[in-house]
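# An overview of the molecular structure
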Amino acid sequence: MATKKEYTKEEKIKKEKNRLKGIFKNLDENKRKLVTPLIEKAAFMSVELDILQDNIQVNGWTSKYQNGANQWGEKRSPEADAYIALSKNYTTIIKQLTELAPPAERKKSRLALLREE
């Protein structure tokens, strides 16, 4: 049975960058310069969110704490806080990229292609 290849963090980021760049390949040069930093940030955030999500699935959303001898309890874990903040920023970047994305090119039906001939 073949096992699935595990990618490094850098490889995952590169794959996500390439996927996003493919979406924006038809943009004019000026817009492409504008979206390139957003793509790099979005790719990084996407991979980091996956890592944080895996951590939260294993360890949960809360962690125990103790302040002094008598004060202790549970609070949201640092990973959960980072996940929430990063997901908000990621959503904002994806929204910006969506607004800059070129319109989807629809495939023409065979009938439409015949009409054009």
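Relevant structure appears above.
Now for a look at the structure at hand. (Residues numbered from 1 in each chain as written. Predicted model: local features only at pLDDT ≥ 70, side-chain atom pairs only at ≥ 80, totals over all residues. Heavy atoms only, no water.)

The next subject is the pairing of strand β2 (residues 71-76). Looking along a regular strand, one sees side chains alternate from face to face of the sheet. Pairing between strand β1 (residues 62-67) and β2: 6 bridges, direction antiparallel. Directly across from K64, in β2, lies its bridge partner E74. With antiparallel pairing between neighbouring strands as the criterion, β1 and β2 make up a hairpin whose turn holds 3 residues, including G68 at a positive phi of roughly 75°. (Pairing = 2+ DSSP bridges. Helix = DSSP H or I, 4+ residues; strand = E, 2+ residues; numbered from the N terminus.)

The end-to-end C-alpha distance of helix α2 (residues 29-59) is 45 Å, a good match for the 45 Å that 31 residues give at a rise of 1.5 Å each. The sharpest bend along α2 measures roughly 30° and falls at V35, with the proline P37 sitting one to four residues further on. Buried within α2 are the following residues: V35, L38, I39, A42, A43, M45, S46, V47, E48, L49, L52 and I56. Structurally, α2 contributes buried residues whose contacts are with α1 (9-23) and α3 (78-100). (Expected span 1.5 Å × (residues − 1). Bend = angle between axes of the 7 residues up to and from the residue. Buried < 20%, exposed > 50% of the residue type's maximum accessible area, 1.4 Å probe, protein only. Contact = heavy atoms within 4.5 Å.)

The terminal C-alpha atoms of α1, which comprises 15 residues, lie 22 Å apart, in line with the 21 Å expected from a rise of 1.5 Å per residue. Three or more residues of α1 are buried, namely I13, E16 and L20. The arc that holds the buried residues of α1, viewed along the axis, is 65°, so those residues lie on one side. Away from its buried face, by an angle of more than 90 degrees, α1 presents the exposed residues E10 and K14. (Arc of directions from axis to C-beta.)

With that settled, consider the nonpolar core. F24, V35, I39, A42, I93 and L97 are the most contacted members of the largest nonpolar core, which has 15 residues in total. Sorting the residues of this core by element identifies α2 and α3 as the ones contributing at least two each. Take this core: its biggest share by element is 7 residues, from α2. In contact with V35, not counting residues within four places along its chain, are F24, L27, L97 and L100. (Core = buried A, V, L, I, M, F, W, Y, C linked by side-chain atoms within 4.5 Å.)

You can see S77 is positioned in the loop between β2 and α3. With residues near it in sequence (within four places) discarded, S77 still touches G60, W61, T62 and S63.

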